[in-house]
Amino acid sequence: MSVELPEGRYQATVCNQWFDETKTTGKQQFCLEIEVQAELVGGELKPIENPKRRTIYRCLEGNDYEGTSVLLDWFRSDLKYLGFDDLSRRLSDLDLDSANGCHHSFVGQEITVTCRHDTYNDKLQERWDVYQPRQSTPVDKEKMEWLDTMFDELIEEHEPDVPAQ
């Protein structure tokens, strides 16, 4: 797929969800098909003339236990943001094709997503993710003053010597 939409935040509706394997490594992944309907610019929604269907892919398996753990934490964070935060539930509850029936569907849900551009196999392409607001803690005044002092000292140490003229 080529790049059609600029990098940024968008409003989208979930159209489908499923589990499958990645094409290149055969690892398990969760997919959300979305219809991108509007771009968020300066806090305002700007409708897209022809809504675009895109897919968010979230790989669930790393190369080892630690890698898999990191990926699953990331996925869990996505799920929590989407409203699936009951830890007693199972991932299979998200499978629409499950024999026991799907217990949680995101289909029809409006979500905020991000688009960024990545190069894959020497081609520039869109990469879509579930948007999550940053969880940050403000730096207290004393720490900020300390950082200012450290930064000033660092700058002074690296200022080039300018010969007198």
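Before reading on, note that the structure itself is shown above.
Here the structure is a predicted model, which is why all the values come from computation and not from measurement.

Colleague: Whenever I open this one, the overall build of the protein confuses me. Can you help?
Modeller: Of the regular secondary structure elements, the protein holds two helices and five strands. Secondary structure elements of the protein occur, N-terminal to C-terminal, as β-β-β-α-β-β-α. Within the protein, buried positions represent 26% of all 165 residues. For the protein, long-range pairs separated by at least 24 residues make up 55% of all intrachain contacts whose partners lie at least 6 apart in sequence.

Colleague: Whenever I open this one, unusual backbone geometry confuses me. Can you help?
Modeller: Excluding glycine, a negative phi dihedral is what most residues carry, and trans is how most peptide bonds are arranged. One non-glycine residue, N121, adopts positive backbone phi at about 50°. Among the secondary structure elements, N121 is positioned in the loop between β4 (110-120) and β5 (123-130). Here D122, not a glycine, exhibits a phi torsion of approximately 65°, which is positive. Here D122 shows up in the loop between β4 and β5.

Colleague: It is not clear to me how the pairing of strand β2 (residues 28-41) should be interpreted in this structure. Could you clarify?
Modeller: In the case of a regular strand, side chains alternate between the two sheet surfaces. Strand direction decides the pairing type here: strand β1 (residues 8-21) and β2, joined by twelve bridges, are antiparallel. Residue T13 lies in a different strand from β2, and its bridge partner there is E35. The pairing of β2 with strand β3 (residues 44-59) spans twelve bridges and is classified as antiparallel. Paired with V36 across the strands is K52, a residue of β3. In this structure, the hairpin formed by β2 and β3 is closed by a connection of two residues, where G42 is found at a positive phi of approximately 55°.

Colleague: Just to check I follow, could you spell out the packing of aromatic side chains for this structure?
Modeller: Any two aromatic rings considered together are summarised by their centre-to-centre distance and by the angle between their planes. Evaluation of the coordinates by the stated rule reveals three aromatic pairs. Measuring from centroid to centroid gives 5.4 Å for F30 and F75, while their planes differ by 55°, and the two rings are tilted. Highlighted residues: F30 in strand β2 and F75 in helix α1 (residues 65-82), separated in sequence by 45 residues. Residue F75 is classed as buried on the basis of its relative accessible area of 3%. An aromatic cluster of three or more residues is present, and its members are F19, F30 and F75. Over the ring of Y131 we find R9, and its NZ or CZ is 4.6 Å from the ring centre. Directly above the aromatic system of W74 lies the positively charged group of R58, at a separation of 3.8 Å from the ring centroid.

Colleague: What is the right way to look at the sheet that holds β3 in this model?
Modeller: One key point about sheets: their strands pair by backbone hydrogen bonds, in either a parallel or an antiparallel sense. Taken in spatial order, the five strands make up an open sheet running β3-β2-β1-β4-β5, and their pairing is antiparallel. Each end of this open sheet is capped by a strand with a single partner; those strands are β3 and β5. Along the sheet, successive strands turn relative to each other by an average axial angle of 35°, direction set aside. Note that β4 and β5 share eight bridges and pair antiparallel. Looking across to β5, one finds that T114 is bridged to D129. Across the face of the sheet, α1 comes into contact with β2, β3, β4 and β5 while running at roughly 60° to β5.

Colleague: Sorry, what's going on with the nonpolar core here?
Modeller: One recurring pattern in soluble globular proteins is that nonpolar side chains are buried together. If you look at the biggest cluster of nonpolar residues, it comprises 22 residues, and the most contacted ones within it are Y10, L32, I34, F106, V113 and W128. When residues of this core are traced back to their parent elements, those giving at least two are β1, β2, β3, α1, β4 and β5. Tallying contributions element by element places β2 first for this core, with four residues. Residue contacts for I34: discarding those within four places in its chain leaves A12, T13, V14, C15, K52, R53, R54, I56, I111, V113 and W128.

The rules we used
- Residues numbered from 1 in each chain as written.
- Predicted model: local features only at pLDDT ≥ 70, side-chain atom pairs only at ≥ 80, totals over all residues.
- Heavy atoms only, no water.
- Helix = DSSP H or I, 4+ residues; strand = E, 2+ residues; numbered from the N terminus.
- Buried < 20%, exposed > 50% of the residue type's maximum accessible area, 1.4 Å probe, protein only.
- Contact = heavy atoms within 4.5 Å.
- Pairing = 2+ DSSP bridges.
- Phe/Tyr/Trp six-rings, centres within 6.5 Å; stacked < 30°, edge-to-face > 60°.
- Lys NZ or Arg CZ within 6 Å of the ring centre and 35° of its normal.
- Axes fitted to C-alpha atoms, helices over the stretch in contact; angles between N-to-C directions.
- Core = buried A, V, L, I, M, F, W, Y, C linked by side-chain atoms within 4.5 Å.

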